[in-house]
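Given next are the chains, with one letter for each unit.
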Amino acid sequence: MKFIFADSLDHVDPGYDFLRDRYSENRQPYWDDVYPHEIMGYAPYDGMLVSRGIVGGTAVGGKYTEAQAMRFRRDGARSFLRLDKPPFSHLPIFGDCGAFTYHKEERPPYTPEDTAEFYDDGRFTHGCSVDHIIFDFDEDLTGFESGTEDARRRFDITLENAAEFKVSTRHMSGRFTPLGVIQGWSPGSMAEAARRLVAMGYDYLALGGTVPLKASQIKACLREIREAVPQSTRIHILGFAKADEIETFEPFNITSFDTTSPLIRAFKDAKANYYLPNSAGKLNYYTAIRVPQALENPKLQRLAKRGALNQEELVKMERSALDALRAYDRNEASIDDTLEAVLTYATPALMGAPLADLPGTRAVEELRARYRRTLEDRPWKACSCPICKALSIEVLIFRASNRNKRRGIHNLGVYKSLVNKLPSRSELHDEADIPGDTSKAKPDPHGSIVCRSCI
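Since this is a predicted model, take the numbers as computed values, not measurements.

**Structural notes on the pattern of salt bridges**
No. 1: Evaluation of the coordinates by the stated rule reveals 30 salt bridges.
No. 2: The salt bridge partner of Glu318 is Arg399, with a shortest N-O separation of 2.8 Å. Placement of Glu318 in helix α12 (residues 311-329) and of Arg399 in the loop between β12 (397-398) and α17 (400-420) is noted, with a sequence separation of 81 residues between them.
No. 3: A relative accessible area of 5% means that Arg399 is categorised as buried.
No. 4: Residue Lys381 pairs with Asp329 through a salt bridge whose shortest N-O separation is 3.5 Å. A residue pair is termed long-range when its members are at least 10 positions apart, and Lys381 in helix α15 (residues 379-382) and Asp329 in helix α12 qualify at 52 residues.
No. 5: Residues joined by salt bridges that share partners form a network here, namely Asp21, Glu318, Arg326, Glu394, Arg399 and Arg403.

Encoded structure:
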């Protein structure tokens, strides 16, 4: 089972100054920043995925700048993602259309022909057919029954595109592996889509539309899909939001899945921001300690405008919280003093009121308990990854993109190790099916790119 990381320009400044919270001088974001595999010195994933909707173009505005999109098309995905060097050149690169970016449209803005050309020009190793996402889902429906008019229309569009995509790739001499995308409104309709895709000649299917579904619903779909297609058929799960439960999906013989969950949770989850493996082979989750920038946080600025706290006080509280955390890391401050300094500043930033105005509030006490656990356990000391070794407690401070993304990159490394230890890594398929077993790749001899001198 291969873990594919869905990239969205998730790179960081290797020379970021954590004490002054400043980017490196004369930084040019794409050219000077580094991807997770560069900063770690090894790939914390089995491959990468790039969505056409993220790259953008004339049909859909993406996240890439015009210059970046042009460079991506000119140089190809491997060069753009810096996967062209020996430690990473074996990794697969998947592509999909990013159906959510055009979900409001009547039809996808891409054709099967130009999508095949996009993958071929970008030198992807795997490319998904053009799908149209279906949001309706009813687990209780049986077979191919029901389905709204719009759901059936999107179902037909997805399969028509898949058929045309298969034809469009034939002259490309197997330069990339085409995946037929499954969309449906029930387990039965998804199984029917899978059956039709196999009849078209696909031996690798991509299950779409899973993001809003519960784990049990995704399993219900996989159960029926597996009954409808040969066991040799490979399955990829697109946008797998239930990545933390991946071990429970092993019975379905998943070949690969893509997710951004470990990275995204570092800064979008309210509680589980930092991953650490435990002795049971599972993950422990820790809450990162929020110390936002005093002059940029909206809630703090509103408090300042109301006169509840002035800006000078906020800057002083911010500095006290940071100093306390760093002193605690050096064993020069007690946990209680550190907690008090942190909560005095974090509470107004999170809850919009000074700590003194919220005595005994349940939300404050829950936050105190989560922060105490993070500080008591010192998880950053238990991790030997390049980021934690270089940053120490800074990696647990929830503050600005460069810290938060580094914590997310740490999570990718932890998660990749968890996937590596699963009892089965797609036993049915050999390594040639998806080039790239990172366990065979040696770490970059130059090491990771983490600026120790900035701490």
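**What about the pairing of strand β10 (residues 283-286)?**
No. 1: As defined by bridge partners, strand β9 (residues 274-277) adjoins β10 across four bridges and the pair is classed as antiparallel. Bridging across to β10, Pro277 finds its partner in Leu283.
No. 2: Between β9 and β10, which pair antiparallel one after the other, the connecting turn spans five residues, and Gly281 there sits at a positive phi close to 80 degrees.

**Thoughts on the packing of helix α10 (residues 261-268) against α17**
No. 1: It is at 7 Å that the axes of α10 and α17 come closest, and there the two elements cross at 140 degrees. Taken as a pair, α10 and α17 cross one another with a handedness that is right-handed. Side by side, α10 and α17 meet where Pro262, Leu263, Ala266 and Phe267 of the first sit next to Asn404, Lys405, Arg407, Gly408, Ile409, Asn411, Leu412 and Tyr415 of the second.
No. 2: Its residues assigned to classes, the contact of α10 with α17 comprises seven nonpolar, three polar and two charged.

**Section: the confidence of the model for the protein**
No. 1: Of all residues in the protein, 93% attain a pLDDT of 70 or more, and the chain-wide mean is 91.
No. 2: Scored below 50 in pLDDT, residues 426-432 shows 15 contacts in the model against residues more than four places distant or in partner chains.
No. 3: Predicted confidence is poor over residues 436-447, with pLDDT under 50, and the contacts of this stretch with residues over four places away or in other chains come to 21 contacts.

**Observations regarding unusual backbone geometry**
No. 1: Its identity is not glycine, yet Arg82 carries a phi of approximately 60 degrees, on the positive side.
No. 2: Of note in this structure, Ser392 is not a glycine but carries a positive phi near 55 degrees.
No. 3: You can call Ser392 buried: its relative accessible area is 16%.

**Considering the side chain of Arg326**
No. 1: Its place among the elements puts Arg326 in helix α12.
No. 2: Judged by its relative accessible area of 10%, Arg326 falls in the buried class.
No. 3: When near neighbours in sequence (up to four residues on either side) are disregarded, Arg326 contacts Phe18, Leu19, Arg319, Glu394 and Arg403.

**Comments concerning helix α4 (residues 66-75)**
No. 1: Among all positions of α4, only Gln68, Ala69, Arg71 and Phe72 are buried. Down the axis of α4, the buried set is contained in an arc of 165 degrees. They therefore lie on one face. In α4, the exposed positions angled more than 90 degrees off the buried face are occupied by Glu66, Met70 and Arg74.
No. 2: Where α4 is buried, its residues contact α1 (29-32), β2 (47-51), α3 (52-55), α5 (77-80) and α6 (112-121).
No. 3: One or two positions beyond α4, positive phi appears at Gly76, with a value near 95 degrees.

**Quick notes on the packing of helix α11 (residues 298-306) against helix α13 (residues 335-351)**
The angle between the axes and the distance between the axes are what describe a pair of packed helices.
No. 1: Interaxial distance between α11 and α13 falls to 7 Å at its minimum, and their mutual angle equals 95 degrees. Judged on the interaxial angle alone, α13 and α11 are roughly perpendicular. Mapping the contact onto sequence places Lys299, Leu300 and Leu303 in α11 and Tyr345, Pro348, Ala349, Leu350 and Met351 in α13.

**What to know about the environment of Tyr64**
No. 1: Tracing the chain through its elements places Tyr64 in the loop between α3 and α4.
No. 2: Owing to a relative accessible area of 7%, Tyr64 belongs among the buried residues under this scheme.
No. 3: A sequence separation of ten residues divides Tyr64 from Ile54, and the C-alpha atoms of the two residues are 6.6 Å apart.
No. 4: Dropping the residues within four chain positions of it, Tyr64 is found in contact with Leu9, Val50, Ile54, Val55, Ala69, Phe72 and Phe80.

About the cut-offs
Residues numbered from 1 in each chain as written. Predicted model: local features only at pLDDT ≥ 70, side-chain atom pairs only at ≥ 80, totals over all residues. Heavy atoms only, no water. Salt bridge = Lys/Arg side-chain N within 4 Å of Asp/Glu carboxyl O. Helix = DSSP H or I, 4+ residues; strand = E, 2+ residues; numbered from the N terminus. Buried < 20%, exposed > 50% of the residue type's maximum accessible area, 1.4 Å probe, protein only. Pairing = 2+ DSSP bridges. Axes fitted to C-alpha atoms, helices over the stretch in contact; angles between N-to-C directions. Left-handed = near helix turned anticlockwise from the far one by under 90°. Contact = heavy atoms within 4.5 Å. Nonpolar A, V, L, I, M, F, W, Y, C, P; charged D, E, K, R; others polar. pLDDT = per-residue confidence, 0-100. Arc of directions from axis to C-beta. Parallel < 35°, antiparallel > 145°, perpendicular 65-115°, else oblique.

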